[in-house]
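Close look at the chain arrangement
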Amino acid sequence: MKRKAVTGDLILAQARQLHGMPLSMKRANELASEVQKLNDAVKNAEHLLDFNDDPARFAATLVRLKGKTR
Amino acid sequence: MKGELVDLSLTAVAEAIRKRKVSSVEVARACLERIDRIQPSVNCYIGIERAGVLRAARKADEAIAKRRALGPLHGVPLAHKDMYYRAGKISTGGAHILRDYKPNIDSTAGARLDAAGALWLGTLNMAEFAANPTGHNVHFGHCRNPWNTEHITGGSSSGSGAAVAARTCFGSLGSDTGGSVRLPAAANGVVGLKPTYGLISRYGIVPRSWSHDTVGPLTRTVRDCARMTRVVAGSDPNDPTSTSELIPNYEEGIDAGIKGLRIGVPRRYYCDDITDDVRSAMDASLAALRSLGARIVPVDAPDPKRLFLVSNLITKCEAAAIHARWMRERPEDYSMVVRARVEDGFHVPAVAYIEALNLRPHFLEEFVSTVFSKCDVLHCPVMTLPVPTIAETDPAAPGDVPRIIERLTRNTRPFNHLGTPALSVPAGFSNNGLPVAFQLVGRPYSEALLFRAGHAYQSVTDWHARAPAL
């Protein structure tokens with residue numbers, strides 16, 4: 001199923017029902033646009049992800065790819 | 001010697017104290033006099049510890065007289081971003097909410113500076129919760145750029161950049177999550193290091209985003225930066241993300257030069273909207289590096305926009321978790337900018353956050369194989385525009401915030417996501433008279449190489465020796 005755009009209504013509902021934070025509709029619309037942009041950045045790179053990925057692998061990758069220490 | 005004391009570099013003043021050419025008390029007094037002169041116009045200090053620093057300086061002088069073993073920063077006055085915890089002392093984090101906050105632990109970085117003999121001169125202004133690259137602070141007053149007080153200092157380590165540039169202290173710890181050391185270093189004409197993620201312990205600092213936070217020094221010279229980094233770097237059982245790699249003496253070999261070093265210049269993206277005056281400074285810096293024997297190599301670096309956005313997603317989610325309770329219970333105690341920067345994080349799905357974390361090693365592999373197969377060090381501007389004014393970067397509404405943040409941090413944040421080290425080095429002045437800087441980026445744990453290249457550059461230029469007229 002194709003994903004629909006994040007809407008101000010969704011943000012407003014989350015703010016109220018999940019987080020207990022009041023929000024104006026104008027601000028909810030702004031946040032919807034920003035959240036959409038951030039989510040899209042991840043979705044557009046998801047082909048790089050692997051079943052065995054683990055967030056803790058980052059530190060090991062830094063060490064593995066390290067440069068000269070001098 | 002007194003009239004020139006505050007102009008000495010950190011390593012030079014440490015040497016002068018050690019050899020008893022000057023006392024630590026004299027140096028501390030010179031710093032305090034300088035602070036009194038510039039604080040009303042620059043506002044870089046939140047707390048000034050007059051009695052404490054003079055007491056510590058007297059002890060430092062006694063230790064020299066008694067020929068005790070001395071640390072590499074013995075008797076040298078430093079001041080730090082107001083987010084390094086000292087048990088029982090206030091750490092405001094530049095935030096109204098933490099105005100009276102007294103943690104009961106010491107930061108590892110601060111404790112290591114103490115053990116190396118450094119003195120604590122005061123706590124420095126910063127952006128609220130380290131969350132604004134302009135350096136604005138509505139709670140403690142904006143810190144102002146000592147080169148022109150109408151202009152921003154850059155942030156979030158605003159006071160660190162201004163205090164070091166204004167010769168009130170010899171070095172400072174800042175923190176860098178998206179550019180917060182490099183931006184104020186660049187805007188104030190001083191050196192700043194964002195180290196490899198995990199090189200320096202984050203234990204005992206105000207958190208901004210656990211997966212991206214780094215502790216970094218700001219100093220006047222690259223050699224000074226190398227010394228401070230060596231003192232604070234290394235494994236810490238209190239920070240499970242700290243490195244277990246051995247820390248070299250970064251000052252050894254710093255004079256070895258850069259003949260044959262391949263310096264990469266990105267063909268695209270990093271200079272896309274650069275102004276002519278900043279480009280001229282970048283070109284001149286590359287010419288200076290070439291004159292030292294480096295080879296300048298064009299490289300195809302991956303588009304940083306993707307890194308910027310995925311990094312932003314992570315820091316927003318982590319900041320939302322850090323601030324969730326206060327954002328619910330006392331939102332009015334945050335500035336509009338910090339609220340605006342944290343709010344989005346509440347609405348990003350947890351799955352997207354974890355996927356973003358999982359993308360980091362993939363992005364790092366791609367960047368290293370694409371860029372560092374062609375060059376040893378990458379060169380690009382810290383900011384592609386001249387340092388703007390405070391008025392130009394003051395958002396009128398929350399919706400203005402992302403545009404301002406992105407314009408300032410587009411070249412810095414990607415390297416926080418990659419976890420690679422990046423050294424900001426002063427490279428002249430733009431048409432408005434404010435400093436300009438390039439950054440040198442290397443493979444993980446290549447700080448020694450960055451210091452060697454930056455030091456070589458400073459051996460044939462004098463931008464770092466220029467001081468604002470105050």
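So, a few notes on the structure that sits alongside this text. Here the structure is a predicted model, which means the values were calculated and not measured.

Residue and element names in this part refer to chain B. Read from one edge of the open sheet, 3 strands run 1-3-2, paired in mixed fashion. Whereas interior strands pair on both sides, the edge strands pair on one side only; in this sheet they are strand 1 (45-48) and strand 2 (77-81). With direction set aside, neighbouring strand axes in the sheet form an average angle of 35 degrees. Bridge analysis of strand 2 against strand 3 (residues 119-124) gives 5 bridges, and the strand direction is parallel. By the bridge assignment for strand 3, Ala79 is matched with Gly122.

Another point: the environment of Ala437(B). Residues and elements named next belong to chain B. Here Ala437 shows up in strand 11 (residues 435-441). For Ala437, a relative accessible area of 3% corresponds to the buried category. Sequence spacing of Ala437 and Leu418 is 19 residues, and the spatial spacing of their C-alpha atoms is 21 Å. Residues in contact with Ala437, not counting those within four places in the same chain, are Ala186, Met282, Pro381, Val382, Ser424, Val425, Pro426 and Ala427.

This brings us to the packing of aromatic side chains. Residues and elements named next belong to chain B. For the structure shown, the criterion picks out 11 aromatic pairs over all chains. Aromatic side chains Phe367 and Phe372 sit 6.0 Å apart centroid to centroid with 65 degrees between the ring planes, which places their arrangement in the edge-to-face category. Considered together, Phe367 and Phe372 belong to a single accessibility category, that of buried residues. One aromatic cluster in this structure is built from Tyr270, Phe367, Phe372 and Phe415. The side chain of Arg86 reaches across the aromatic face of Trp120, ending 3.9 Å from its centre. Taking NZ or CZ as reference, Arg99 lies 4.4 Å from the ring centre of Phe140, over its face.

Strand-to-strand pairing in sheets goes through backbone hydrogen bonds, with the strands running parallel or antiparallel. Residue and element names in this part refer to chain B. On the basis of which strands lie adjacent, the open sheet formed by 8 strands has the order 4-6-5-10-11-9-7-8 and mixed pairing. Two strands close off the open sheet at either side, each with one partner strand: strand 4 (172-176) and strand 8 (295-299). Each strand axis lies, on average, 30 degrees off the axis of its neighbour in the sheet, ignoring direction. Relative to strand 6 (residues 214-219), strand 4 runs antiparallel, the two being bridged by 5 bridges. By the bridge assignment, Asp176 is partnered in strand 6 with Thr214.

The next subject is the layout of surface pockets. Residues and elements named next belong to chain B. Taken as a whole, the largest pocket holds about 440 Å³ of empty space. Every residue lining the largest pocket is counted, 20 residues in all, and those nearest its centre are Gly52, Ala56, Asp114, Ala118 and Trp120. Every element with two or more residues in the lining of the largest pocket is listed here: helix 3 (50-65), helix 4 (108-115) and strand 3. Within the lining of the largest pocket, the residues separate by chemical class into 9 nonpolar, 4 polar and 7 charged. Estimated volume of the second largest pocket: approximately 340 Å³.

One way to see where empty space is left: roll a probe the size of a water molecule over the atoms. Taken as a whole and judged by the stated rule, the model has 6 cavities of 30 Å³ or more. The calculated volume of the largest cavity comes to roughly 120 Å³. Taken together, 14 residues make up the lining of the largest cavity; nearest its centre are Glu34(A), Asn312(B), Lys316(B), Pro402(B) and Ile405(B). Residue assignment for the lining of the largest cavity shows that the elements contributing at least two residues are helix 2 (25-43) of chain A together with helix 9 (304-329), helix 10 (336-343) and helix 12 (401-409) of chain B. There is about 90 Å³ of room inside the second largest cavity.

A few words now on helix 4 of chain B. Residues and elements named next belong to chain B. Within helix 4, burial applies to Thr108, Ala109, Gly110 and Leu113. The secondary structure elements touched by the buried residues of helix 4 are strand 2, strand 3, strand 4, strand 6 and helix 7 (222-232). Just downstream of helix 4 lies Gly117, where phi reads positive at about 95 degrees.

On to the pattern of salt bridges. All names here are of chain B. Under the definition given, this model contains 28 salt bridges over all chains. A salt bridge links Arg202 to Asp239, with the shortest nitrogen-to-oxygen separation between them at 3.5 Å. Linking Arg202 in the loop between strand 5 (191-194) and strand 6 with Asp239 in the loop between helix 7 and strand 7 (262-266), this pair joins segments that are 37 residues apart in sequence. The residue Asp462 makes a salt bridge to Arg466 at a minimum N-O spacing of 3.2 Å. Owing to a relative accessible area of 38%, Asp462 belongs among the partly exposed residues under this scheme.

Thresholds, definitions, all that
- Residues numbered from 1 in each chain as written.
- Chains lettered and ligands numbered in written order.
- Predicted model: local features only at pLDDT ≥ 70, side-chain atom pairs only at ≥ 80, totals over all residues.
- Heavy atoms only, no water.
- Pairing = 2+ DSSP bridges.
- Helix = DSSP H or I, 4+ residues; strand = E, 2+ residues; numbered from the N terminus.
- Axes fitted to C-alpha atoms, helices over the stretch in contact; angles between N-to-C directions.
- Buried < 20%, exposed > 50% of the residue type's maximum accessible area, 1.4 Å probe, protein only.
- Contact = heavy atoms within 4.5 Å.
- Phe/Tyr/Trp six-rings, centres within 6.5 Å; stacked < 30°, edge-to-face > 60°.
- Lys NZ or Arg CZ within 6 Å of the ring centre and 35° of its normal.
- 1 Å grid on protein atoms, 1.4 Å probe; cavity = no way out; pocket = protein on both sides within 12 Å on 5 of 7 lines; lining within 4 Å.
- Points joined across faces, edges and corners; volume = space filled by probe spheres on them.
- Nonpolar A, V, L, I, M, F, W, Y, C, P; charged D, E, K, R; others polar.
- Salt bridge = Lys/Arg side-chain N within 4 Å of Asp/Glu carboxyl O.

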